Amino acid sequence: MKRFLLWGLAVLFLSGCGYREEQKNEKPPIVRAETLDTGTVLITVGFIQTGKESDWRDANTNDFLQTFTREKGYNLIYIDGNSDPERQVKAAYDLIAQNVDYIIIDPIVEDGWEDVFMEAKEKGIPVIVSDRQVNVNASHYACWVGSDFYKEGQNAAKWLEDYLEEKGREKEEIKIVLLEGTDGATATRGRTEGLYSVIDRHPNWKVVAKEFGNFTQGEGAQVMEGILNQKIAFDVVIAENDNMMFGAMNAMDQQGIVYGNGTDIITISFDALHEALAKVIKGELMVTVECNPLIAGLSEKAILDLEKGRRIEKVHFVQETVFTQENTVLHLMERKY
Ligand code: GYE
C-alpha cells in the first residue's frame, strides 16, 4: 500500500495544526516512509472534521485523536473544516495529493463530494465517511459509519406522542417550535424527516416556527430569541442538538419563561451530552435522544479489515438510547462528554 510513501516534514507541519490554506498551491514534498523505533511502518490517515460547532463534535474529534495514535501505528493528519464545506473538499484534494493511505471525512453537508471521491478512488485511496453522509455513488467510498438520524427523529416524536397520551392531551392542539441543525447536513435531514413521520400523523400538532440554528449554542439562542420576540405561542421546543437547546433555554431564561417538567413548555433535544443528562435529571430538559459521537473505533475497524484485504460492509450503525428522567441517573456518572 501507499503507506510506504509517507510524507516528511510538510506532513508533520500539517499534523495536529489543521489544514493550512497557504499550503494548497505548494508542490508535494519528497515522500518517505515513516517508521516507529520498533520498525512499524505507520499508516497515514487524513481525517477531515466538520469544525467545532458543538460539544458532540469535540467528543467526536477527541475520539479520533485518541484512537489513531502513533503508539498504535497511525500517522493522523487532523484537519479542521472550520464549518466550511468548500474548505473540506479542498482538504480532501490536498490529502489525495499527499498520497495518504486512508481518508476519513465527517462531511458538513451531503452535496459537493462526487468529483473528489472519484479522484480518491482513481488514486486507490479508500475513503471512510463518518457521522453525516454524502450524496455520492456508494461505490466511490469504502464505507460509512454513524447514526440512524431518521430513527432518532422518530424516537423523539414518538416520545412526545406517548407523553401527550399519558397526560390525556392527545386531542389538544400542540404548537411546536423546531430548531433545525445545518441546512444540507444528514443529521438535520434525517432528524427532521423522522420527526415529521410522526408529526404528520397528528393534524392537531402544528409546527409554528422552524429555523436553522447550525447546531451551535449561539445560534440556538439567537433563533429562539427571534421567535420569542415575535410573540409566537408554543407548547414544545425541539432542538436538533443539545447545544442549540442550551442556547434556546438561555433565551427563555432571559424572558422569564419556565420550561421542562411541570411547566407548560415541553423540551426535547438530541445528542445526550453530560450537561444534557444533568438537565434531564433536573427536569429542565424532558428528553434527549442519544447520538453517539464515539465512532472512531468503527472507522479503525474498517481500516484494519481493509489492511487485511477483507471485504467490509458499506453501512455501520452505532447503538443509541433515548434518555428521560426514568433512565438517566446511572448514565450521568459514566458519560465522559
Ligand atoms: O448532533 C451535533 C453536531 O452530525 C450527529 O453534529 C452530528 C451532529 C450532532 O454538531 O451536535
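Every residue gets a number counted from 1 within its own chain, in the order that chain's sequence is written. Reporting of local features is limited, given that this is a predicted model, to residues whose pLDDT is at least 70; pairs of side-chain atoms are given and counted only at 80 or more, and all residues count toward the totals for whole chains, interfaces and linings. Hydrogen atoms and water are omitted, and side-chain values are computed over all heavy atoms in the structure.

Points on a 1 Å grid, built from protein atoms alone, make a cavity when a 1.4 Å probe fits but cannot get out and make a pocket when they are open with protein on both sides within 12 Å along at least 5 of 7 lines; residues with an atom within 4 Å of a point are the lining residues. Grid points are joined across faces, edges and corners, and a volume is the space filled by probe spheres set on the points. Under the defined criterion, the tally for this structure stands at one cavity of 30 Å³ or more. For the largest cavity, the calculated volume is near 90 Å³. Forming the boundary of the largest cavity are Glu53, Ser54, Trp56, Arg57, Asp131, Arg132, Ala187, Arg191, Phe215, Asn241, Asp271 and Cys291. Note that Gly is not counted as nonpolar here; it falls among the polar residues with everything else outside the nonpolar set of Ala, Val, Leu, Ile, Met, Phe, Trp, Tyr, Cys and Pro and the charged set of Asp, Glu, Lys and Arg. Residues belonging to the lining of the largest cavity are distributed by class as follows: four nonpolar, two polar and six charged. Note that domain bounds follow an automatic or database assignment of domains. Each of domain 1 (2-146 + 293-319) and domain 2 (149-291) accounts for three or more of the residues forming the lining of the largest cavity.

Here a residue is considered near a molecule or strand provided that any single heavy atom belonging to it is located within 4 Å of it. By nearness alone, 13 residues border the ligand, and Glu53, Ser54, Arg132, Asn241 and Asp271 come closest of all. Note that an oxygen atom of the ligand is positioned 2.5 Å from one of the side-chain N or O atoms of Glu53. Here an oxygen atom of the ligand sits 3.1 Å away from a polar atom, N or O, in the side chain of Arg57. Starting from 300 Å² of accessible surface for the ligand in isolation, the protein chains cover 100%. Occupancy of a cavity or pocket is assigned to a molecule whenever over half of its atoms lie within 2 Å of that pocket's grid points. Assessed atom by atom at 2 Å from the grid points, the ligand resides in the largest cavity. Labels follow the DSSP assignment, with helices taken as runs of H or I lasting at least four residues and strands as runs of E lasting at least two, numbered in each case from the N terminus. Looking at the shell around the ligand, the elements with two or more residues in it are helix H2 (55-67) and helix H6 (186-199). Looking at the shell around the ligand residue by residue, the class counts come to five nonpolar, two polar and six charged. Two domains each provide a minimum of three residues to the shell around the ligand, namely domain 1 (2-146 + 293-319) and domain 2 (149-291). Any pair of N or O atoms that falls within 3.5 Å is considered a polar contact. Within protein, one atom must be able to donate a hydrogen and the other to accept it, and sequence-neighbouring residues count only if both atoms are side-chain atoms. To be clear on the numbers: accessible area is Shrake-Rupley with a 1.4 Å probe, and residue cover counts the displayed protein chains and nothing else.

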